[in-house]
Structure formats: structure tokens, C-alpha cells
Amino acid sequence: MSNVEPVPLETLCTAEPGYEIQILPPRIVPLGGPRAMDVRRVLPQRKRSLIGAWCFLDSYGPDDVAQTGGMDVPRHPHTGLATVSWLFMGQIDHLDSAGNRAVVRPGELNLMVAGRGITHQEISTADTSVLHGVQLWYALPESTRHMEHDFIHHVPQPVCGDGSQIRVFIGELAGDDAQVETFTPPLLGAEILLEPGAVLELDVQEGFEHGVYLDSGALSVDGVAVETEHLAYIGPGRESLRLEVDGDAEPVRLILLGGEPLGEEIVMWWNFIGRTHDEVAAYRAIYQHELGFEAAPSKEILSAAGLSPDDPPRFGPYPDGEPDPLPAPPLPNTRLRSRG
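Residues numbered from 1 in each chain as written. Predicted model: local features only at pLDDT ≥ 70, side-chain atom pairs only at ≥ 80, totals over all residues. Heavy atoms only, no water.

**So, unusual backbone geometry**
Rule in force here: Helix and strand assignments follow DSSP, with helices taken as H or I runs no shorter than four residues and strands as E runs no shorter than two, numbered in order from the N terminus.
Along the chain, Leu 43 connects to Pro 44 via a cis peptide bond; the corresponding omega equals 5 degrees. Tracing the sequence through the fold places Pro 44 in the loop between strand E4 (37-43) and strand E5 (54-64). Between Gly 61 and Pro 62 the backbone carries a cis peptide bond, its omega angle lying at 5 degrees. Inspection of the secondary structure puts Pro 62 in strand E5. Phi at Gln 179 is positive, roughly 50 degrees, even though this residue is not glycine. Mapped onto the elements of the fold, Gln 179 is located in the loop between strand E17 (176-177) and strand E18 (187-194).

What follows is the structure in C-alpha cells.
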């Protein structure tokens, strides 16, 4: 994994048309259990929590699995969100408590909708030598965040242009519609490859926020240079985006995200999304009890979150013989704050 130099939390750059683009740097975070793999996290940050409903972006690799151990994330919970696994290289085995087994492959969407609760594990396959990709989450709105879980697999076909290739895995772009149900306000997710010297003018939804994550190469977005492994945020009001690669530069790979502003405050901690501190505390207590780490949560904890001891289980069952699950970390000593 490349080194990430310390940079300011955010940089505001004036684009050619006279509006501002916010540049967000990554931070290094260990992922998973005792064989933690380092990832680069660019969302959320203190000054930017959401892009539409997108609330989380980790990137990793290209990692030599023989050296790093690859991805080894045991069973853990989610509530109130959906996960998008998108690979550039390697493969990952997915297993969840809804009984879904899948292999995550490059260029193929695996979308897991947690809804009211689910657990899953992600482990790179034995034949993976190099692992490289992104992990994305988006928050579910109030209308669907208590739904039952779902799992969707989709293989987008590339849209090829002059020096460009686009794979739209969620939403609509460049004349392609992924037709993937997200249970959210409209979203966009796409991988874009650009050759040296390429200039790509993209028509985008004026009401969307957008984020351009540069995985590799050197890129300008509407005349603003974006460094590798950084995220460029563009607020609503744009009808087009201009992506340009210098003719002497290397090829570019980027992830383009977009969506209507969620318009809701969320509380996000560890792998849970709720609307209040009390909700997240209750989800943690329920998970710890259902997986045998702690005693059953008190009626006070449940009632503060509007929940009941008679509610059906959220996080099981699970097949035997799998790696031990991850316990939830302790809650912070202060109340969790909402973001939006």
C-alpha cells in the first residue's frame, strides 16, 4: 500500500466555472480483527459525512496478499444501511445471516441491504494473490431503514468511449441504467477508466451531490487537480462534470458517486446507523446478546430506543464452522452526535 502524506483535513479549490470543489484526503484505518488490513478512509470525515446517501468509502490495495494476509473480516453486524463491494483485483467470499453466499469479483456489484439488521463476513479467497477495491455504504432513509434484509448481484456492461470506459453499478450515467433497486432516493455509483489524454464530459443530475474518488493516476475535475487516493466533493447545481487526464500521465481509475441529498440526520457508529444515540446503543446491546457476548439488554435500554424485548432477532442465524464473530467495541463515554 502506498504511503499517505499528512495533509490538511480539507482543501477548497475554485473550479474553472467559478464554484468550489472540496478535496478530502484519506486517513489510514486498520480493518477487521487480529490480522487487520490497512484501508484508506475518505468518507465520512469531520467536514463531510454524506454524498447523497453515501456515507462510507474505504479503499484498499493493490495489496500483496502473501504479505498482508488479505481481507479477513469475521462476522459483524450492520443496521440501517446497505453495503456495496466493488473490486478491481482479487476475489472475496461473502457470507451473511440471511443465507447468502457469494464471490465478489472485479467489475461485479454485490449489494447487501442490512435493513433492520444483518451479520456477514468477508474473507479474500485462497487463490487471491493481489487484492484491490473499494467498500462503500449508503444510509437507508427513514422509510426503508427497518425493512428486512436483501441481497442483489449485478454485472454491469462497460460503456466505451474515446479513451474511456464506464461501468455503472448503481443508477444512471452515460446512457446506461443499472436498474438496481437501492431502497433510497436516487443514487449513482460508477467505475470510470480513462486513458492518457482523455477528456470526458459527463451529463449529471443537477440535484445530485457528487464525489470523485481517484484510485490511480492524475486527474483534473472541472480544472481542479485531484491527487491519487483523494476524494473531490461537488455540491448540487452542476449539470455536467469534465474529467481530464494529461497526455503524459498514467491511465486513471476513479469511482464516481452521486445522489440526492439524504435530508435526514443519522447517527453512525462502528457498523450501525440509527437516528439517535439510544438506538445505536440498543443495537449494540442486542448484537452482543444475540451472539453470546453479553447478557440481554435491559428494558430501559430497549424502551429508550423505542424497541421491545419481544422484537424478533436481528442478527442471526449463522452456519456452524465459521470464524468467531467480532465483539462490538465499547460505546464512547459521551453521547453520539447526529450528522447529515
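The rest of the description comes next.
**Some words on the UniProt feature "domain: Pirin N-terminal" (unreviewed entry) in the chain**
For clarity, the threshold we go by: UniProt positions are given in the numbering used here, feature names are shortened, and annotations may be inferred rather than shown by experiment.
On the UniProt side, "domain: Pirin N-terminal" (unreviewed entry) is annotated at positions that read residues 38-137 here. Taken end to end, residues 38-137 is 4% helix and 62% strand, and its first and last C-alpha atoms sit 18 Å apart.

**Let's talk about the UniProt feature "domain: Pirin C-terminal" (unreviewed entry) in the chain**
Under the feature "domain: Pirin C-terminal" (unreviewed entry), the UniProt entry names residues 191-288. Overall, residues 191-288 shows 12% helix and 47% strand. The separation of its end C-alpha atoms is 37 Å.

**What about the packing of aromatic side chains?**
Describing an aromatic ring pair means giving the distance of the ring centres and the angle of the ring planes. We count it as follows: Planes of paired rings set the category: under 30 degrees apart is stacked, over 60 is edge-to-face and the rest tilted, where pairs are Phe, Tyr or Trp rings (Trp by its six-membered ring) whose centres lie within 6.5 Å. Throughout this description, buried means an accessible area under 20% of the type-specific maximum (1.4 Å probe, protein chains only), exposed means over 50%, and partly exposed covers the range between. Distance and angle both matter: a charge sits over a ring if NZ of Lys or CZ of Arg is within 6 Å of the ring centre and within 35 degrees of the ring normal.
Tallied over the full model, the rule gives 11 aromatic pairs. Taken together, a centroid distance of 6.4 Å and an interplanar angle of 20 degrees make the contact between Trp 269 and Phe 272 stacked. Across the pair, Phe 272 and Trp 269 agree in class, each one buried. An angle of 45 degrees between the planes, with centres 6.3 Å apart, marks the rings of Tyr 287 and Phe 293 as tilted. The class for Tyr 287 is buried, based on a relative accessible area of 0%. Looking at Phe 293, the relative accessible area reads 34%, which means it is partly exposed. Over the face of the ring belonging to Tyr 233 we find Arg 48, whose NZ or CZ atom lies 3.7 Å from the ring centre. Over the ring of Phe 88 we find Arg 253, and its NZ or CZ is 4.3 Å from the ring centre.

**A word on the nonpolar core**
This is how it is decided: Side-chain atoms within 4.5 Å link the members of a nonpolar core, which is a set of buried Ala, Val, Leu, Ile, Met, Phe, Trp, Tyr and Cys residues. Every residue pair with non-hydrogen atoms within 4.5 Å of one another is taken to be in contact.
Among the nonpolar cores identified, the biggest contains 71 residues, and Tyr 138, Leu 173, Ile 192, Leu 194, Leu 219 and Leu 254 are the most heavily contacted of them. Aside from chain neighbours lying at most four places away, what touches Leu 254 is Ala 190, Glu 191, Ile 192, Leu 194, Val 212, Tyr 213, Leu 214, Asp 215, Leu 219 and Leu 243. The next biggest cluster of nonpolar side chains, apart from the first, holds 15 residues, and it includes Val 280, Tyr 287, Leu 307 and Ala 328.

**As for the pairing of strand E12 (residues 130-139)**
Our working rule: By definition, two strands form a pair when at least two bridges between them are found by DSSP.
The element E12 is extensively covered by neighbouring structure, given that nine of its 10 residues are classed as buried. With eight bridges joining them, E5 and E12 adopt antiparallel strand pairing. Bridge pairing in E12 links Phe 56 to Trp 137. By the bridge criterion, eight bridges tie strand E7 (residues 81-89) to E12 in an arrangement that is antiparallel. In the strand pairing of E12, Thr 83 is matched with Trp 137.

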